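# Residue-level structural notes
Below are the chains, spelled out letter by letter.
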Amino acid sequence: MDTLFRIEGRAGRITLNRPKALNALAHDQIPEIEKHLIAWRDDPAVELILIDGAGDRAFCAGGDIQKLYETGRTGDYAYGRQFWSDEYRLNALIWNYPKPYVAIMHGFVMGGGVGLSALGSHRIVTDDTQVAMPECGIGLIPDVGGSMLLSCAPGRLGEYLGTTGTRMGPADAIHATFADTYVPQAHMEELKSALCADGIDRIGDFAQPLQPGPLMQEQARIDSHFGGETAMDIVNSLEHVNGEWEQATLKTLRRNAPLSVACTVDAVHRARTLRRIEDALALEYRFTARCMEHGEFLEGVRAAVIDKDRNPQWAVPRLEDLPQIRVSQMLMPLGEDGLKL
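The text that follows walks through the structure, step by step, so that each part is easy to find. Bear in mind the structure is a predicted one, so any value in this text is a computation, not a measurement. (Residues numbered from 1 in each chain as written. Predicted model: local features only at pLDDT ≥ 70, side-chain atom pairs only at ≥ 80, totals over all residues. Heavy atoms only, no water.)

Moving on, we come to the overall build of the chain. Scanning the chain for helices and strands turns up 16 helices and nine strands. The C-alpha atoms of the chain give a radius of gyration of 19 Å, which matches the 20 Å a tight globule of 341 residues would have. Along the first, second and third principal axes, the C-alpha set of the chain runs to 60 × 45 × 40 Å. In the chain, which comprises 341 residues, the proportion classed as buried is 57%. For the chain, the proportion of contacts with a sequence separation of at least 24, taken over those separated by at least 6, is 74%. Looking at the chain as shown, the accessible area adds up to about 14,100 Å², and 50% of this sits on carbon and sulfur atoms. With 34 positive and 47 negative side-chain charges, the chain shows a spacing of 2 Å between the two charge centroids. (Helix = DSSP H or I, 4+ residues; strand = E, 2+ residues; numbered from the N terminus. Rg over C-alpha atoms; globule rule 2.2 N^0.38 Å. Buried < 20%, exposed > 50% of the residue type's maximum accessible area, 1.4 Å probe, protein only. Contact = heavy atoms within 4.5 Å. Areas by Shrake-Rupley, 256 points an atom, 1.4 Å probe, with all protein chains shown as cover. Lys, Arg positive; Asp, Glu negative; His and termini not counted. Charge placed at Lys NZ, Arg CZ, Asp CG, Glu CD.)

Pairing between the strands of a sheet is mediated by backbone hydrogen bonds and can be parallel or antiparallel. With parallel pairing, the three strands of this open sheet are ordered in space as β4-β6-β8. Edge positions in the sheet fall to β4 (58–60) and β8 (130–132), since each of these pairs with one other strand and no more. Strand after strand, the sheet turns through a mean of 15 degrees between neighbouring axes, direction not considered. With two bridges connecting them, β4 and strand β6 (residues 108–110) associate as parallel partners. In the strand pairing of β6, Cys60 is matched with Val109. (Pairing = 2+ DSSP bridges. Axes fitted to C-alpha atoms, helices over the stretch in contact; angles between N-to-C directions.)

This part takes up the pairing of strand β7 (residues 122–125). Bridging between strand β5 (residues 101–105) and β7 involves four bridges; their strand directions are parallel. For Val102, the partnering residue across the bridge sits in β7 and is His122. The pairing of β7 with strand β9 (residues 181–182) spans two bridges and is parallel. Across the sheet, Val125 pairs through a bridge with Tyr182, a residue of β9.

On to helix α13 (residues 258–271). In an α-helix, one turn spans 3.6 residues, which is why side chains three or four residues apart end up on the same side. Its 14 residues place the ends of α13 20 Å apart at the C-alpha level, agreeing with the 20 Å of an ideal helix rising 1.5 Å per residue. Of all the 14 residues making up α13, 13 are buried; the element is thus mostly covered by neighbouring parts of the structure. (Expected span 1.5 Å × (residues − 1).)

Moving on: the packing of α13 against helix α16 (residues 324–331). Two numbers describe how α13 lies on α16: the axes approach to 9 Å, and their chain directions differ by 65 degrees. Two packed elements cross with a definite hand, and for α13 against α16 that hand is right-handed. On α16, the residues touching Leu259, Ala262, Cys263, Asp266, Ala267 and Arg270 of α13 are Gln324, Arg326, Val327, Met330 and Leu331. Among the residues making up the contact of α13 with α16, the classes are represented as seven nonpolar, one polar and three charged. (Left-handed = near helix turned anticlockwise from the far one by under 90°. Nonpolar A, V, L, I, M, F, W, Y, C, P; charged D, E, K, R; others polar.)

All right, on to the pattern of salt bridges then. With the rule as written, the count across this model stands at 28 salt bridges. For the salt bridge of Asp52 with Lys192, the shortest nitrogen-to-oxygen distance reads 2.9 Å. Residue Asp52 is found in strand β3 (residues 48–53), and its partner Lys192 is found in helix α8 (residues 188–198); the two are separated by 140 residues along the sequence. Summarising the burial analysis for this pair, Asp52 and Lys192 share the class buried. The closest approach of N and O atoms between Glu293 and Arg81, which form a salt bridge, is 3.6 Å. Of this pair, Glu293 sits in the loop between α14 (277–288) and α15 (297–306) while Arg81 sits in helix α3 (residues 78–95), and the two are 212 residues apart along the sequence. (Salt bridge = Lys/Arg side-chain N within 4 Å of Asp/Glu carboxyl O.)

Bringing the nonpolar core into the picture now. In a soluble, globular protein the nonpolar side chains are often hidden away together inside. Leu37, Trp84, Phe178 and Phe297 are the most contacted members of the largest nonpolar core, which has 91 residues in total. Excluding residues that lie within four positions of it along the chain, Phe297 makes contacts with Ile65, Leu68, Trp84, Ile138, Gly139, Leu140, Cys291 and Met292. (Core = buried A, V, L, I, M, F, W, Y, C linked by side-chain atoms within 4.5 Å.)

A few words on the layout of surface pockets. If you add up the space inside the largest pocket, you get close to 1,100 Å³. Lining the largest pocket are 40 residues; nearest its centre among them are Ile65, Pro134, Ile138, Ala304 and Val305. Mapped by element, the contributors of at least two residues to the lining of the largest pocket are α2 (66–73), α3, α12 (244–255) and α15. Per element, the largest residue contribution to the lining of the largest pocket is five residues, and it comes from α15. A per-class count over the lining of the largest pocket returns 21 nonpolar, 11 polar and eight charged. (1 Å grid on protein atoms, 1.4 Å probe; cavity = no way out; pocket = protein on both sides within 12 Å on 5 of 7 lines; lining within 4 Å. Points joined across faces, edges and corners; volume = space filled by probe spheres on them.)

Looking now at the environment of Gly53. Tracing the sequence through the fold places Gly53 in strand β3. For Gly53, a relative accessible area of 10% gives the class buried. Taking the C-alpha atoms as reference, Gly53 lies 9.8 Å from Gly113; in sequence the two are 60 residues apart. Apart from residues lying up to four places away in sequence, Gly53 is in contact with Thr15, Leu16, Asn23, Ala58, Phe59 and His106.

What follows concerns the sheet that holds β7. On the basis of which strands lie adjacent, the open sheet formed by six strands has the order β1-β2-β3-β5-β7-β9 and mixed pairing. In this open sheet, the two strands that pair with only one neighbour each are β1 (3–8) and β9. Contacting β1, β2 (11–16), β3 and β5, helix α1 (residues 29–41) runs over the sheet at an angle of about 15 degrees to β1. In this fold α8 packs onto β1, β2, β3, β5 and β7, with an angle of close to 155 degrees to the strand it touches most, β3.

Shown next as C-alpha cells:
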C-alpha cells in the first residue's frame, strides 16, 4: 500500500510508503489521508497524529508530477486542477487540525511534502533533513500553503527561499519557521514510541539544541537584496554587487522560470496580509490552475523529470523580458472557477 494507516497507543499513525519514489505524493493518496484525518479528528481514542515516511531517504520529496505532465500534454487541464484542489483541501485540514499533528521531517521534505508536514502543529527535523520549496525550477510557484509559510519566515527569507529553492538543513528549517524541534536521528524511533505511549509532552524529552545554520548568518545580506517590490528589483540589487554570494544567487534565480520567480515574489508579498490558510491556498490555486495552459509548468517538468536534460526552454527566458502584467494575469481571481474548500 502507498500509505499505511493504523492506531498505535494514543496516536493515529500515517506512513507514506513509496520509498523508491522518495515517498512522492500520488493523487489517490490524498483522499485516503483526508478520510483518516477526519475520522481520527472525532475519535476520542486518538490523541495525536504522527506522520512519517518509509525508508531512509525522504519524508516526501513532493507531488507525483508524472501524470500531471502526461495529462497536461494532451490538453487535459482538468486533472491537474482536481489534483491541486484535492491537495489544497488536505493542506487546509492539516493547518486547522484540532489535535496535535506531529510530522517527522527526515531526509528530503520538498514541495507537497512541506504541505504534509510544515503545516502541522509539531514539526520535527533531524540530522539528514533537507527542506525546500523548489517549484520555480519546474514552472510552478511554492504552493500547498507555501506562500503563507514563506511569508512568516524572518525578514526576506521567504522571497529568497521561494525564488531560489535553497535547501534548508535542520537549523535553517527551524530558523525559517518551517520546523520547531530538532531530534537526533539516533533517537527518532524511541521518540515515536514515546509519543504513541505517552502523548505529545514527550517531545521535550528528546529535543536538542542546534548551532545556527547558514541562513541565520546570511540573514542581513538576504534582507538587503530581497526587499524589493518586484523580482527585477531583486535582480538589480544582486547585479550591483560583484560578490561571490550575490553572483551565485543570481545564477540560481536566472536558472528558474522567470514567470514563476516573479509570481512567487508577488505571492509572498500578498500572503503577508492574509490571516487564513484558505486565502493563501486560493491565491496559489490561481497560478496552478493556469500553469499548464498559460505558464511554464509543462516545459519545466519536461526538462527536470521527463527528458532530464536540465535545460528548460522557457517561453520568456529572462525576467527583463517579462511584462509585469503577466504576473497580474496569473494571479488574478478565477471567478466561478476559483478554489472551493
